[in-house]
Amino acid sequence: MNIVIDIDNIKLSSKTTKEEFECIFPNANLKKYDKVFEYSIIGIVFEMSYPSNVVVYFKNNNIIQLSVFPTKERIDSGKFDLEESYNDYNDALERIYGRKLFNIFGKQKIWHFSDATLKHYLFERFCMEERIEVLFKK
């Protein structure tokens, strides 16, 4: 199965090139690190009812990773609940990609596809954070 990520009703897959992404999202914020291009946008993913931060990474014109996490506005709203957010994203992911059981390390789920691995997890950095990562295989 090939993974497709829908951002604002635009589909990205492991075959999406940097040039295609730039044409589709011309206003994405760009940062360049050595040979990696990082594009940041805010958009609707996984048919959610609210926008998310989406960061897409390219190397040698190929998509290598995509990260999704709650927007700062949502986190700072005063109504944000990390547990609820995790469950909302998890429900959306399971609706699209199939049900997964929690692993023994807590709130972490992994989906494996022929062209990518999708991970949804909570982690401690400066405080508890939520992240969805799609690691594309080449």
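Residues numbered from 1 in each chain as written. Predicted model: local features only at pLDDT ≥ 70, side-chain atom pairs only at ≥ 80, totals over all residues. Heavy atoms only, no water.

Colleague: Is there a simple way to explain the overall build of the chain in this structure?
Modeller: Across its full length, the chain holds three helices and nine strands. Tracing the chain from N to C terminus, the helices and strands come up as β-β-α-β-β-β-β-α-α-β-β-β. In terms of C-alpha radius of gyration, the chain reaches 15 Å, essentially the compact-globule figure of 14 Å for 138 residues. In terms of principal-axis extent, the alpha carbons of the chain reach across some 35 × 35 × 30 Å. Across the 138 residues that make up the chain, the buried fraction comes to 43%. Pairs at least 24 residues apart make up 40% of the contacts formed inside the chain by residues separated by at least 6 positions. Put simply, the chain shows about 8,000 Å² of open surface, and 53% of that area lies on carbon and sulfur atoms. (Helix = DSSP H or I, 4+ residues; strand = E, 2+ residues; numbered from the N terminus. Rg over C-alpha atoms; globule rule 2.2 N^0.38 Å. Buried < 20%, exposed > 50% of the residue type's maximum accessible area, 1.4 Å probe, protein only. Contact = heavy atoms within 4.5 Å. Areas by Shrake-Rupley, 256 points an atom, 1.4 Å probe, with all protein chains shown as cover.)

Colleague: Looking at this model, I keep getting lost on the sheet that holds strand 8 (residues 116-124). Mind explaining?
Modeller: In any sheet, the strands associate via hydrogen bonds between backbone groups, in a parallel or an antiparallel arrangement. Taken together, the seven strands give an open sheet; going across it, the order is 3-4-5-6-9-8-7, and neighbouring strands pair in antiparallel fashion. Edge positions in the sheet fall to strand 3 (29-33) and strand 7 (108-112), since each of these pairs with one other strand and no more. Going across the sheet, the axis of each strand differs from the next one's by a mean of 20°, ignoring polarity. By the bridge criterion, eight bridges tie strand 5 (residues 52-59) to strand 6 (residues 62-70) in an arrangement that is antiparallel. The partner of valine 55 across the bridge, within strand 6, is serine 67. Most of the contacts of helix 3 (residues 82-97) go to strand 8, to which it runs at about 170°, and overall it touches strand 5, strand 6, strand 7, strand 8 and strand 9 (128-136). (Pairing = 2+ DSSP bridges. Axes fitted to C-alpha atoms, helices over the stretch in contact; angles between N-to-C directions.)

Colleague: Teacher, can you tell me more about the packing of aromatic side chains here?
Modeller: The way to describe two aromatic rings as a pair is by their centre distance and the angle between their planes. What the rule picks out here adds up to eight aromatic pairs. Between phenylalanine 46 and tyrosine 97, the ring centres sit 6.4 Å apart and the planes meet at 80°, which makes this aromatic pair edge-to-face. Placement of the pair is phenylalanine 46 in the loop between strand 4 (36-43) and strand 5 and tyrosine 97 in helix 3, with a sequence separation of 51 residues. We classify phenylalanine 46 as buried; its relative accessible area is 2%. Taking 5.4 Å as the distance between ring centres and 70° as the angle between the ring planes, the aromatic pair formed by tyrosine 97 and phenylalanine 113 counts as edge-to-face. Placement of the pair is tyrosine 97 in helix 3 and phenylalanine 113 in the loop between strand 7 and strand 8, with a sequence separation of 16 residues. (Phe/Tyr/Trp six-rings, centres within 6.5 Å; stacked < 30°, edge-to-face > 60°.)

Colleague: Explanation requested: helix 3 in the structure shown.
Modeller: Note on helix geometry: an α-helix contains 3.6 residues per turn, so any two residues three or four positions apart are oriented the same way. In this model, helix 3 (16 residues) spans 22 Å end to end at C-alpha, consistent with the 22 Å of a helix rising 1.5 Å per residue. Ser85, Tyr86, Tyr89, Asn90, Ala92, Leu93, Glu94 and Tyr97 are the residues of helix 3 that are buried. Capping the start of helix 3, aspartate 81 holds a side-chain oxygen 3.0 Å from the backbone nitrogen of glutamate 83, two or three residues further along. Immediately beyond the C-terminal end of helix 3, within one or two residues, lies glycine 98, with a positive phi of roughly 105°. (Expected span 1.5 Å × (residues − 1). Polar contact = N/O pair within 3.5 Å; in protein donor to acceptor, adjacent residues only side chain to side chain.)

Colleague: Help me out: how do you make sense of the environment of phenylalanine 46 in this one?
Modeller: Separated by 51 residues in sequence, phenylalanine 46 and tyrosine 97 have C-alpha atoms that sit 9.8 Å apart. When near neighbours in sequence (up to four residues on either side) are disregarded, phenylalanine 46 contacts Ile5, Asp6, Val68, Tyr89, Ala92, Leu93, Arg95, Ile96, Tyr97 and Ile132.

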